[in-house]
Structure formats: structure tokens, C-alpha cells
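# Geometric and topological summary
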Amino acid sequence: MIKEIHEGVYVLRGEGADQLATANIAPGVQVYGERLVRFGGVEYRMWDPYRSKLGAAIRRGLHTLPIRRGSAVLYLGAASGTTASHVSDIVGLQGVVYAVEFSPRSMRELVMVSETRPNIVPILADARSPQTYRKYVSRVDAIYCDVAQPEQGKLAVDNARVYLGPHGWLMLAIKSRSIDVAADPRTVYGWEKKTLSEGGFSIEEEIDLEPFEKDHQFVVARYLHDANG
Ligand SMILES: C[S@@+](CC[C@H](N)C(=O)[O-])C[C@H]1O[C@@H](n2cnc3c(N)ncnc32)[C@H](O)[C@@H]1O
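All of these numbers come straight from a predicted model, not from anything done at the bench.

For strand E10 (residues 164–175), a buried count of 9 out of 12 residues is recorded, marking the element as mostly surrounded by other parts of the structure. Judged from the 5 bridges that link them, strand E9 (residues 140–145) and E10 form a sheet pairing that is parallel. The residue bridging Ile143 from the neighbouring strand is Leu170, located in E10. The handedness of the E9 to E10 crossover, carried by helix H4 (residues 152–163), is right-handed. Direction of pairing for E10 relative to strand E12 (residues 216–223): antiparallel, over a ladder of 7 bridges. Bridge pairing in E12 places Trp169 opposite Arg222.

Right, let's get into the packing of H4 against helix H6 (residues 185–198). Relative placement of two packed helices is described by the angle separating their axes and the distance separating the axes. At their nearest, the axes of H4 and H6 sit 8 Å apart, and the two run at 20 degrees to each other. For the element pair H4 / H6, the angle class is roughly parallel. Read as a crossing pair, H4 and H6 show a hand that is right-handed. Residues Gln152, Gly153, Lys154 and Val157 of H4 form the contact with H6, whose participating residues are Glu192, Thr195 and Leu196.

For the rest of this paragraph, the subject is the layout of surface pockets. The computed volume of the largest pocket comes to approximately 460 Å³. Along the wall of the largest pocket there are 27 residues; nearest its centre are Gly77, Ala78, Glu101, Asp146 and Val147. Top element by residues in the lining of the largest pocket is H4. It accounts for 3 residues. Taken together, the residues of the lining of the largest pocket break down into 10 nonpolar, 7 polar and 10 charged. One number sums up the size of the second largest pocket: a volume of about 170 Å³.

Next up on the list: the sheet that holds strand E4 (residues 36–39). Read from one edge of the open sheet, 5 strands run E1-E2-E3-E5-E4, paired in antiparallel fashion. Taken across any chain shown, the strands that pair with only one partner, and hence form the sheet edges, are strand E1 (2–6) and E4. With direction set aside, neighbouring strand axes in the sheet form an average angle of 40 degrees. The pairing of E4 with strand E5 (residues 42–46) spans 4 bridges and is classified as antiparallel. Bridge pairing in E5 places Leu36 opposite Arg45.

So, about the sheet that holds E10. Read from one edge to the other, the open sheet built from 7 strands follows the order E8-E7-E6-E9-E10-E12-E11, with strand pairing classed as mixed. In this open sheet, the two strands that pair with only one neighbour each are strand E8 (120–124) and strand E11 (201–208). Averaged over neighbouring strand pairs, the angle between their axes works out to 15 degrees when direction is ignored. Alignment of E11 against E12, held across 7 bridges, turns out to be antiparallel. Note on E12: the bridge partner recorded for Ile203 is Ala221. Contacts from helix H3 (residues 104–115) reach strand E7 (96–101) and E8, with the element oriented near 160 degrees to E8. The sheet contacts of H4 involve strand E6 (72–76), E9, E10, E11 and E12, and relative to E10 the element is tilted by about 165 degrees.

Here we take up unusual backbone geometry. Residue Glu210 is joined to Pro211 through a cis peptide bond whose omega torsion reads 0 degrees. Relative to the elements of secondary structure, Pro211 occurs in the loop between E11 and E12.

Our focus in this paragraph is the site of the ligand. With respect to spatial proximity, 16 residues lie near the ligand, and among them Tyr75, Thr83, Glu101, Asp126 and Asp146 are the closest. One of the side-chain nitrogen or oxygen atoms of Glu101 is found 2.6 Å away from an oxygen atom of the ligand. Isolated, the ligand exposes 600 Å² of accessible area, and the fraction of that covered by the protein chains is 85%. Placement of the ligand is best described as lying within the largest pocket.

So, about the pairing of E6. Among the 5 residues of E6, 5 are classified as buried, and the element is accordingly described as predominantly covered. Residues Ala72, Leu74 and Leu76 line one face of E6 and the alternating positions Val73 and Tyr75 line the opposite face, and both faces are buried. By the bridge criterion, 5 bridges tie E6 to E7 in an arrangement that is parallel. Its bridge partner lying in E7, Leu76 is registered against Val100. Sheet topology note: the E6/E9 ladder contains 4 bridges and is parallel. Residue Leu76 lies in a different strand from E9, and its bridge partner there is Cys145.

Quick notes on the rules
Residues numbered from 1 in each chain as written. Predicted model: local features only at pLDDT ≥ 70, side-chain atom pairs only at ≥ 80, totals over all residues. Heavy atoms only, no water. Buried < 20%, exposed > 50% of the residue type's maximum accessible area, 1.4 Å probe, protein only. Helix = DSSP H or I, 4+ residues; strand = E, 2+ residues; numbered from the N terminus. Pairing = 2+ DSSP bridges. Right-handed = clockwise from strand over helix to strand, strands pointing away. Axes fitted to C-alpha atoms, helices over the stretch in contact; angles between N-to-C directions. Parallel < 35°, antiparallel > 145°, perpendicular 65-115°, else oblique. Left-handed = near helix turned anticlockwise from the far one by under 90°. Contact = heavy atoms within 4.5 Å. 1 Å grid on protein atoms, 1.4 Å probe; cavity = no way out; pocket = protein on both sides within 12 Å on 5 of 7 lines; lining within 4 Å. Points joined across faces, edges and corners; volume = space filled by probe spheres on them. Nonpolar A, V, L, I, M, F, W, Y, C, P; charged D, E, K, R; others polar. Near = heavy atom within 4 Å. Polar contact = N/O pair within 3.5 Å; in protein donor to acceptor, adjacent residues only side chain to side chain. Areas by Shrake-Rupley, 256 points an atom, 1.4 Å probe, with all protein chains shown as cover. Sits in = over half its atoms within 2 Å of the grid points.

Take a look at the structure:
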């Protein structure tokens, strides 16, 4: 049995445990060795919550998934495209995923993923300098930020100022040990959320990602400004 739990996100109920999945926009092609399953004429890609923080947040009961069919998404820290590929399935061919990554090695793999997924635009750039990719990116409905770096909240706010539309959304995966190894993770989450609030966001949802990821919090926030104001 298949149930759609968010737009474009499915749970497959079989004999074993429930599995998260998206409908594959590149039928027959795997991105990270995930299982492909056909059901009712549609091919689904299993989504591993141990390999994807967005998958983990959904498994942990995320209420608001601000990505839908046709959305434009700016994805910061795309790595080799594991989560970005599921976002690409969700937004579909009417949507677009601007995928920013600064590691040339990861970018090579991301470019290969984008060859079968025309809605992924791979951009080799440093997300700390949002102006440098201005000519490739238009205004977006949502920013997904998973750079696992200090000052990730500031980096997200800086990108929002340039690209996020009015009342747009941010999903931020906060990795506390990337910011301060010694501090209590809850203190670190608080610092990053304060940065978001001061940068014009209202925090709508926060989810700890245990047991899928240790010392990570996933935050969904709404932008109270538009990109030009
Ligand atoms: C935790 S991994 C991302 C995993 C990916 N989001 C996924 O779920 O498939 C963090 C990525 O952010 C990239 N990164 C870190 N700082 C960055 C920056 N300033 N600009 C662009 N990419 C950055 C790293 O190279 C790494 O590939």
C-alpha cells in the first residue's frame, strides 16, 4: 500500500517496516544505491532517513514541508545530490533545484546526477558569497541549507536577502558539533535560531533528528521580508 503523506512524499507499507519514498522523475536511475519499486505504473525511490536529514525530519514527524510540485528551491550544500535528488522528485519537472556546492569532487557527482534530472542546476560556488551565483539563480520559494559549517544561520540569512521571495521558507539542518564541539547542542541550536529571528525569520517548527542523526536539529522558518525589502 502507498500513502502520500506530503505533496510528492510517500510511505510504502509492505511486509517489513514502512519506507519513505519519492516518485522517480528519472525512471530506472538510482542516485545512491537506493531501492526502486514499481507500483501502479509509477516507479518509487526509497528514501533513506539515515542518509538524508530531510528524510530524517519527515520520519520524525515534520508537519510543514514547504516544497511542492513546481517549487523553486535554492539548495545550499548539495554534496553529491542524495537529498537534492529527492527534492528534485518532489518539485518535478515544473520545478527547479538550484544546487550549490563548493567541493569540486562532490560537484562532479552532482553534475552526473543532474544529467538525468533536468530540474537540477548544479552550481560550483561558496554559499557564503550569494552574489557570486546571482546570474544562475532567480527568486525562490524555499531555501534548503545543509552546509554543516559554523555560521550556517548567517549564511542562510545572507542567501535569503538575495533570493527568497515574500513569505518564503527556509529549512536549516543545524549540526551542533560543526559550530561548537564543546557546547550543549541545545545552546548551539538557540544561537542559530536567534540569528534566523534577527535576520527576519519566524521559527515555525524544530525537530531533533535522533536516532537518525546525533546532535542535529532541523528547523523550518518563514521569511517575514521579501528579497528586496
Ligand atoms: C552534510 S553535507 C550535505 C549533505 C546533503 N545535503 C545531502 O543531504 O545529501 C554538507 C555539504 O556542504 C558543503 N559545503 C560546506 N560549506 C559550504 C559552502 N560554504 N558553500 C557550498 N557548499 C558548502 C560541503 O562540501 C558538503 O558537501
